[in-house]
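So the chains spell out like this:
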Amino acid sequence: MSASEMPARSRARGDSALPLQRPGLWLRVSEDETVIVDQDSSSLHVVNETALALWELCNGENTVAEMVTAICELFGESAAVVVRDVEGTLARFDAAGLLSWTPRNPLEANARRGAGHRTNG
Amino acid sequence: MMERATDAPRHRLFLADDQALFRAVVRVALDSQSDLKVVGESGDGQQVMSELRRCRADVVVVDVNLPGRNGFEICADIKAAALPVKVLAMSDTADEKTLVKALEAGADGYVTREGRLADMVGGVRAVLNGEACVPRRMLGSLLQNLIKRRRATDHIQLRYDRLSKRERETLALLGHGHDHESIAREMVISPQTARTHIQNVLSKLEVHSRLEAAALAVEYDFTDPARKDERDVS
């Protein structure tokens, strides 16, 4: 995924931070819907199945780019479409105060970036 | 019963499950949809491929534990034969390993027997539309699995990139089961040089044995270095 395809939030943070669920939240799952319950603000946030999957990936370990790539791989969607959806969903989580962002280990970030580099010799 | 000429075309479905009662229930559920029609069924995995060819199904719902030939094998058979059939794999309960195994075998979607019949109908329609069909509560863990796998692949690729051209050839030959003497013959080098290449391969790949290196070569498609290098360049 190119830099221009990266979600605005991730661009702004320069992939130096990873989305992480804020403490004090829990999921209420029923047959028909899933709700994120925020005990601090006594608010409820209904999420659809894709948003729920993204929510589960917000564990402080996954980059936004990795989320996008995995969704593209699974659903065969174009990166442009998936980036827009992921960005929108994370922005809604963020606006609702559901996310904190954890700093990314710079050594690990370099190692993962290097994995995309190919040499022959 | 013959279809009336005025009927809209219905997608043709095949059920592969060893429980006759379950097949009967699912058949009723699917046949009740105006756009779907069950055109065949079998409880024996060994008959599925020939039946699929005979009845020209668009989608097969197949139990991963089907006797005779299991659902994973049937998925692989369908993809290998390039049959134009979408595969909806089915297991008794939601299990992530089964889901990943089914997708790796070529399944287009995955449902569970414990799910609602409406989910199966939705799953059939999803794979017909070229969409991935995964139980919603498994989607997050599946995506996490894909991310971890991608990281592992990238990590292996980093180590592979350290190998010289000759070391890649050595790895490919290890992947094909050669020992140091036959590697020496293939590469027209001395056995001692072959040993040195092998040691370098083990060291750079951070594996502890030739067997481990060979398994890695097969798993990550490093058995044809020329093809691998072409892919890297592209």
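Residues numbered from 1 in each chain as written. Chains lettered and ligands numbered in written order. Predicted model: local features only at pLDDT ≥ 70, side-chain atom pairs only at ≥ 80, totals over all residues. Heavy atoms only, no water.

## Side note on the overall build of chain A
The cut-off we apply is this: Working definition: helices are DSSP H or I runs of at least four residues, strands are E runs of at least two. Numbering for both runs from the N terminus. Burial classes follow relative accessibility: with a 1.4 Å probe on protein chains only, a residue under 20% of its type's maximum area counts as buried, one over 50% as exposed, and anything between as partly exposed. Residue exposure ignores everything except the shown protein chains as possible cover, and the areas themselves are Shrake-Rupley values with a 1.4 Å probe.
From N to C terminus, chain A includes five helices and five strands. Taken from N to C terminus, the helices and strands of chain A fall in the order α-β-β-β-β-α-α-α-β-α. With 121 residues in all, chain A has 40% of them scored as buried. Only carbon and sulfur atoms are counted for the fraction: they give 53% of the accessible area of chain A, which is about 6,300 Å².

## Some words on the side chain of E66(A)
As a reminder of what qualifies: Polar contacts, as counted here, are pairs of nitrogen or oxygen atoms within 3.5 Å of one another; within protein the pair requires one atom able to donate a hydrogen and one able to accept it, and residues that are adjacent in sequence qualify only if both atoms are side-chain atoms.
Relative to the elements of secondary structure, E66(A) occurs in helix α3 (residues 64-75). Looking at E66(A), the relative accessible area reads 14%, which means it is buried. Here the side chain of E66(A) touches R151(B) through a polar contact of 2.8 Å, side chain to side chain.

## Observations regarding the pattern of salt bridges
All names here are of chain B. Going by this rule: The salt bridge criterion pairs a side-chain nitrogen of Lys or Arg with a carboxyl oxygen of Asp or Glu, the two atoms within 4 Å.
Within this structure, the stated rule accounts for 22 salt bridges over all chains. For D31, the salt bridge goes to R27, with nearest N and O atoms at 4.0 Å. Taken together, the positions of D31 and R27, both in helix α1 (residues 20-31) and four residues apart, correspond to about one turn of that helix. Classification of D31 as partly exposed rests on a relative accessible area of 27%. By sharing partners, the salt bridges in this structure join D17, D63, D92 and R113 into a single network.

## Thoughts on helix α2 (residues 49-57) of chain A
Three or more residues of α2(A) are buried, namely A51(A), L52(A), A53(A), L54(A), W55(A) and L57(A). Among the residues of α2(A), the N-terminal cap falls to N48(A), whose side-chain oxygen and the backbone nitrogen of T50(A) are separated by 3.2 Å.

## Notes on the nonpolar core
Going by this rule: For the purposes of this section, nonpolar cores are sets of buried Ala, Val, Leu, Ile, Met, Phe, Trp, Tyr and Cys residues that join through side-chain atoms within 4.5 Å.
In terms of nonpolar packing, the biggest core is built from 59 residues, with V86(A), F93(A), F14(B), L52(B), V60(B), I78(B) and L143(B) touching the most fellow members. With seven residues, α3(A) is the single largest residue contributor to this core.

## Some words on a nonpolar patch on the surface
Residues and elements named next belong to chain B. Note the following rule: A patch is a set of surface residues, each over 30% in relative accessible area and not in a salt bridge, joined within 9 Å for like charges and within 5 Å for the nonpolar side chains Val, Leu, Ile, Met, Phe, Trp and Tyr.
Together, L21, V25 and L117 line one region of the surface with nonpolar side chains, adding up to about 270 Å² of accessible area. Tracing the chain through its elements places V25 in helix α1. V25 sits in the partly exposed class, given a relative accessible area of 39%.

## Concerning the layout of surface pockets
Put simply, the rule is: Using protein atoms alone on a 1 Å grid, points that fit a 1.4 Å probe yet trap it form a cavity, whereas open point sets bounded by protein on both sides within 12 Å along at least five of seven lines form a pocket; residues with an atom within 4 Å of a point count as lining. Grid points are joined across faces, edges and corners, and a volume is the space filled by probe spheres set on the points. Residues are grouped as follows: Ala, Val, Leu, Ile, Met, Phe, Trp, Tyr, Cys and Pro are nonpolar; Asp, Glu, Lys and Arg are charged; all remaining types, including Gly, are polar.
Reported here for the largest pocket is a volume of approximately 1,200 Å³. Forming the walls of the largest pocket are 47 residues, and the residues nearest its centre are E49(A), V134(B), P135(B), R136(B) and R137(B). Those elements that place two or more of their residues in the lining of the largest pocket are β4 (43-47), α2, α3 and α4 (79-95) of chain A together with β5 (109-112) and α5 (117-128) of chain B. Split by residue class, the lining of the largest pocket holds 25 nonpolar, nine polar and 13 charged.

## Examining the packing of helix α7 (residues 165-175) of chain B against helix α10 (residues 210-219) of chain B
All names here are of chain B. To be explicit about the condition: A fitted line through C-alpha atoms serves as each axis, taken over the contacting stretch for helices, and the angle formed by two N-to-C directions is quoted from 0 to 180°. Here roughly perpendicular refers to angles of 65 to 115 degrees, roughly parallel to angles under 35, roughly antiparallel to angles over 145, and oblique to all remaining angles. Should any heavy atoms of two residues lie within 4.5 Å, those residues are counted as being in contact.
Contact geometry for α7 and α10: axes closest at 8 Å, N-to-C directions at 95°. One finds that α7 runs roughly perpendicular with respect to α10. For the pair α7 and α10, the contacting residues are L171, L174 and G175 in the first and R210, A213, A214, A217 and V218 in the second. Partitioned by chemical class, the residues of the contact of α7 with α10 number six nonpolar, one polar and one charged.

## Re the sheet that holds strand β4 (residues 86-91) of chain B
Pairing between the strands of a sheet is mediated by backbone hydrogen bonds and can be parallel or antiparallel. Residue and element names in this part refer to chain B. How we decide: In this analysis, strands are considered paired if DSSP registers two or more bridges between them.
Pairing is parallel in the open sheet, where five strands are placed in the order β2-β1-β3-β4-β5. This sheet does not close on itself; its edge strands, each paired only once, are β2 (36-42) and β5. Neighbour-to-neighbour, the strand axes of this sheet turn through a mean angle of 25°, independent of strand direction. Strand direction decides the pairing type here: β4 and β5, joined by four bridges, are parallel. By the bridge assignment for β5, M90 is matched with V111. Packing against the sheet, α1 makes contact with β1 (11-16), β2 and β4, and its axis sits at approximately 160° to β2.

## Some points on the sheet that holds strand β3 (residues 34-38) of chain A
Residue and element names in this part refer to chain A. Taken in spatial order, the three strands line up as β2-β3-β4 in an open sheet, and their pairing is antiparallel. Strands at the two margins of the open sheet, each flanked by one partner only, are β2 (25-29) and β4. If you compare each strand with its neighbour and ignore which way they point, the axes differ by 25° on average. Pairing of β3 with β4, which is carried by five bridges, proceeds in the antiparallel orientation. The residue bridging T34 from the neighbouring strand is V47, located in β4.

## Thoughts on the packing of α1(B) against α5(B)
Residue and element names in this part refer to chain B. The condition that has to hold: Here is the rule for handedness: rotate from the far helix to the near one, and if that takes an anticlockwise turn smaller than a right angle the crossing is left-handed, while a clockwise turn gives right-handed.
Direction vectors running N to C along α1 and α5 enclose 65°, while the axes themselves pass 10 Å from each other. Helix-helix and strand crossings are classified by hand; for α1 and α5 the assignment is right-handed. Along its contact with α1, which presents F22, V25, V26, A29 and L30, the element α5 presents L117, M120, V121 and V124. Looking at the contact of α1 with α5 residue by residue, the classes come out as nine nonpolar, no polar and no charged.

## Quick notes on the packing of aromatic side chains
Residue and element names in this part refer to chain B. Quick reminder of the rule: Stacked, tilted and edge-to-face are the three classes assigned to paired rings of Phe, Tyr and Trp, where Trp is represented by its six-membered ring and a pair needs centres within 6.5 Å; plane angles under 30 degrees give stacked, over 60 edge-to-face, the rest tilted.
Applying the stated criterion to the full structure yields three aromatic pairs over all chains. Ring geometry for Y160 against F222: centres 3.9 Å apart, planes inclined by 5°, an arrangement best described as stacked. Linking Y160 in helix α6 (residues 139-161) with F222 in the loop between α10 and α11 (225-233), this pair joins segments that are 62 residues apart in sequence. On the accessibility criterion, Y160 (0% relative accessible area) is buried. On the accessibility criterion, F222 (1% relative accessible area) is buried. Of the aromatic side chains, those joined through ring pairs into one cluster are Y160, Y220 and F222.

Everything listed here is a matter of geometry and, on its own, says nothing about what the molecule does.
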